[in-house]
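Coordinate inspection notes
Next come the chains, spelled out residue by residue.
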Amino acid sequence: IGKSVLGVPLWAIEISDKPGESEAEPAFKFIGNVHGDEPVGRELLLLLANWLCDNYMKDPLATLIVKDVHLHILPSMNPDGYSLRRRGNANNIDLNRDFPDQFFPMNDDMDLRQPETKAIMNWLEGVHFTASASLHGGALVANYPWDGTEDRKKNYYGCPDDNTFRFLASLYSKSHYNMSLSNEFPGGITNGAAWYPIYGGMQDWNYIHSGCFELTLEISDNKWPNASELPTLWEYNRMSMLNLVAGLVKTGLHGRIISSENGRPLPASLAIKGINYTIAAGKKFADYHRLLAPKENYEVIATMQGYRSKIACVMLGEGAVTVDFVLDPETTHEGSQLLEDSGCYFESKTTLQMIDFLPDPQLEVFLLTFSVLGFLLFLVKWRAKLVHPNQKQTPVPKRAVV
């Protein structure tokens, strides 16, 4: 993806059943060795890559990740610092302070940024990552945004998706051997600004500028442990890393956004009422992957210039929910607006409420077609049971169309 100050290639490993191809699935990246004197992440990521390849089609979790997630692994962001055994790069710059900051004007001159930082930023222009994690050493905790505050004071400062980040951080911590048992950090997680504020960090930049939910994972109290401790550290962190990546498809809200006119994929925007953060659907397939805290009700709004917006009311449980949006072209000159009386009313126990905004004649045709298809599906399932009465049925994830 680029080169270090000393010209060392920054190699990223791509793990997928279709490497090099674009797919309508979420992408995740791991980055290790951001600080040269914290090499544990570098070693564990190499072990992770080998484990996934060795256990594909053998272990269900490995198979799920390879088939349904596009995983990228950058074992070392700072190979020069690693060879020099120091925190900064060859220019002695802390790479985790070299990104543009939201609170203060710093690192805004592209020409002054380090080549390793530029490589990461350019990488994210080409790949839309849903989530990410960087691996560090010196503590044992899962850190989440924000990393800084407007007044530079040390206090809790949550981002718009604070609940989702707490869920992701807890997913890692609770899957770890003992991270969640921390006496210093309740539950083994911490808001970055509440721990110690930093500015110019990679974590906040990912969330703000790339729509990527990134955690900063401190995975070893000892920054540079003896090599003999690596097998133990690997076992302590293995399930945490696997569950974090698998969480991209096992939880949250997923789907596609297309045009009702010709089925064309629409790179529309997706917003959640009450959360001041918007994600964009993919340009090629118009797929979206919205990470959300489970066991909550969400009002999801899909918008696209020139189309009528639509709402889906989702009651998210423990598992993932799939909702495809079909947007109708705007027929008036009033712009794309939601109906004034639209909204979500979570009174029933259904998983999804649909607000379709179709004119009455179209709605009648839609309901009639839906009923006929449902009856035909019932006949097919009934016949299949007669032919294979004892065959175990594999559960299929529900997919709603709005």
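Residues numbered from 1 in each chain as written. Predicted model: local features only at pLDDT ≥ 70, side-chain atom pairs only at ≥ 80, totals over all residues. Heavy atoms only, no water.

1. With respect to the overall build of the protein
Helices and strands together make up the secondary structure of the protein, namely nine helices and 16 strands. A total of 402 residues make up the protein; the buried ones form 50% of that total. Contacts spanning at least 24 positions in sequence make up 73% of the contacts within the protein whose residues lie at least 6 apart. A total of about 20,100 Å² of accessible surface is found on the protein, and carbon and sulfur atoms cover 54% of it. (Helix = DSSP H or I, 4+ residues; strand = E, 2+ residues; numbered from the N terminus. Buried < 20%, exposed > 50% of the residue type's maximum accessible area, 1.4 Å probe, protein only. Contact = heavy atoms within 4.5 Å. Areas by Shrake-Rupley, 256 points an atom, 1.4 Å probe, with all protein chains shown as cover.)

2. Concerning the sheet that holds strand S1 (residues 13-15)
Across the sheet, seven strands lie side by side as S1-S3-S2-S4-S7-S5-S6; this open sheet has mixed pairing. Each edge of the open sheet carries a strand with a single partner, namely S1 and strand S6 (189-191). Sheet twist, expressed as the mean angle between neighbouring strand axes with direction ignored, is 20°. Its contacts with the sheet place helix H1 (residues 40-55) against S1, strand S2 (27-31), strand S3 (70-74), strand S4 (131-136) and strand S7 (213-220), and it is angled at close to 145° to S3. On the sheet, helix H4 (residues 115-126) packs against S2 and S3 and is oriented at approximately 170° with respect to S2. (Pairing = 2+ DSSP bridges. Axes fitted to C-alpha atoms, helices over the stretch in contact; angles between N-to-C directions.)

3. Concerning the packing of aromatic side chains
If you walk through the whole model with that rule in mind, you get 18 aromatic pairs. Geometrically, the ring pair formed by tryptophan 123 and phenylalanine 129 is edge-to-face, given 5.3 Å between the ring centres and 75° between the ring planes. For the residue pair tryptophan 123 and phenylalanine 129, the accessibility class agrees, reading buried in each case. With a centroid separation of 4.1 Å and an interplanar angle of 5°, the aromatic rings of tyrosine 177 and tyrosine 236 are classed as stacked. Of this pair, tyrosine 177 sits in the loop between helix H5 (162-175) and S6 while tyrosine 236 sits in helix H8 (residues 230-250), and the two are 59 residues apart along the sequence. Judged by relative accessible area, which is 26%, tyrosine 236 ranks as partly exposed. Taken together, Trp146, Phe165, Tyr207, Phe213 and Tyr277 form an aromatic cluster joined through their ring pairs. Stacked on the ring of phenylalanine 129, the Lys or Arg lysine 29 has its end atom at 5.7 Å from the ring centre. One cation-aromatic arrangement involves arginine 85 over tryptophan 224; the distance from NZ or CZ to the ring centre is 3.9 Å. (Phe/Tyr/Trp six-rings, centres within 6.5 Å; stacked < 30°, edge-to-face > 60°. Lys NZ or Arg CZ within 6 Å of the ring centre and 35° of its normal.)

4. A word on the environment of arginine 290
Position of arginine 290 relative to the elements: it lies in strand S11 (residues 287-290). What makes arginine 290 buried here is its relative accessible area of 1%. Considered as a pair, arginine 290 and threonine 278 are twelve residues apart in the sequence and their alpha carbons are 9.5 Å apart. Engagement of the side chain of arginine 290 in a polar contact is seen with the side chain of aspartate 161, the distance being 3.0 Å. (Polar contact = N/O pair within 3.5 Å; in protein donor to acceptor, adjacent residues only side chain to side chain.)

5. A short note on the packing of H1 against H8
Closest axis-to-axis distance for the H1/H8 pair is 10 Å, and the angle between their directions is 65°. The handedness of the crossing between H1 and H8 comes out as right-handed. Two secondary-structure elements touch here, H1 through Val40, Glu43, Leu44, Leu45, Leu47, Leu48, Trp51 and Leu52 and H8 through Leu230, Leu233, Trp234, Asn237, Arg238, Met241 and Leu242. In terms of residue class, the contact of H1 with H8 is made up of twelve nonpolar, one polar and two charged. (Left-handed = near helix turned anticlockwise from the far one by under 90°. Nonpolar A, V, L, I, M, F, W, Y, C, P; charged D, E, K, R; others polar.)

6. Considering the nonpolar core
Counting residues in hydrophobic clusters, the biggest one holds 73 residues, and the most contacted among them are Phe28, Phe30, Ile257, Val323 and Phe325. Look past the residues within four positions of phenylalanine 325 in its chain and what remains in contact with it is Arg256, Ile257, Ile258, Leu270, Tyr288, Val300, Ala302, Lys310, Ile311, Ala312 and Val402. Residues Met77, Ala119, Met202 and Trp205 belong to the second largest nonpolar core, which totals 17 residues. (Core = buried A, V, L, I, M, F, W, Y, C linked by side-chain atoms within 4.5 Å.)

7. Things to note about the pairing of S2
Along a regular strand, successive side chains alternate from one face of the sheet to the other. Burial within S2 is extensive, with five of its five residues counted as buried. Of the two faces of S2, the one carrying Ala27, Lys29 and Ile31 and the one carrying Phe28 and Phe30 are both buried. Pairing of S2 with S3 involves five bridges; the strand directions are parallel. Along S3, the bridge assignment pairs phenylalanine 30 with isoleucine 73. The sheet contact formed by S2 and S4 spans four bridges and is parallel. The residue of S4 that forms the bridge with phenylalanine 28 is alanine 131.

8. What about the pairing of S3?
Most of S3 sits out of view: five of its five residues are buried. Residues His70, His72 and Leu74 point to one face of S3 and Leu71 and Ile73 to the other, with burial holding for every one of them. Note that S1 and S3 share three bridges and pair antiparallel. Within the sheet, the bridge partner assigned to isoleucine 13 lies in S3 and is isoleucine 73.

9. Description of unusual backbone geometry
Here the amide bond leading from proline 145 into tryptophan 146 is cis, since omega sits at -5°, within 30 degrees of zero. With respect to the element layout, tryptophan 146 can be found in the loop between strand S5 (139-144) and H5. Positive phi is not limited to glycine here, since arginine 152 has a value of about 65°. Following the sequence through the fold, arginine 152 ends up in the loop between S5 and H5. Look at lysine 295: it is not a glycine, yet its phi comes out positive at around 60°. In this fold, lysine 295 is placed in the loop between S11 and strand S12 (296-303).

10. Some points on helix H7 (residues 202-210)
Of all nine residues that make up H7, seven are buried, and the element is covered over most of its length. For H7, the set of buried residues is Met202, Gln203, Asp204, Trp205, Asn206, Tyr207 and Ser210. Just downstream of H7, glycine 211 is the residue with a positive phi angle, here 65°.

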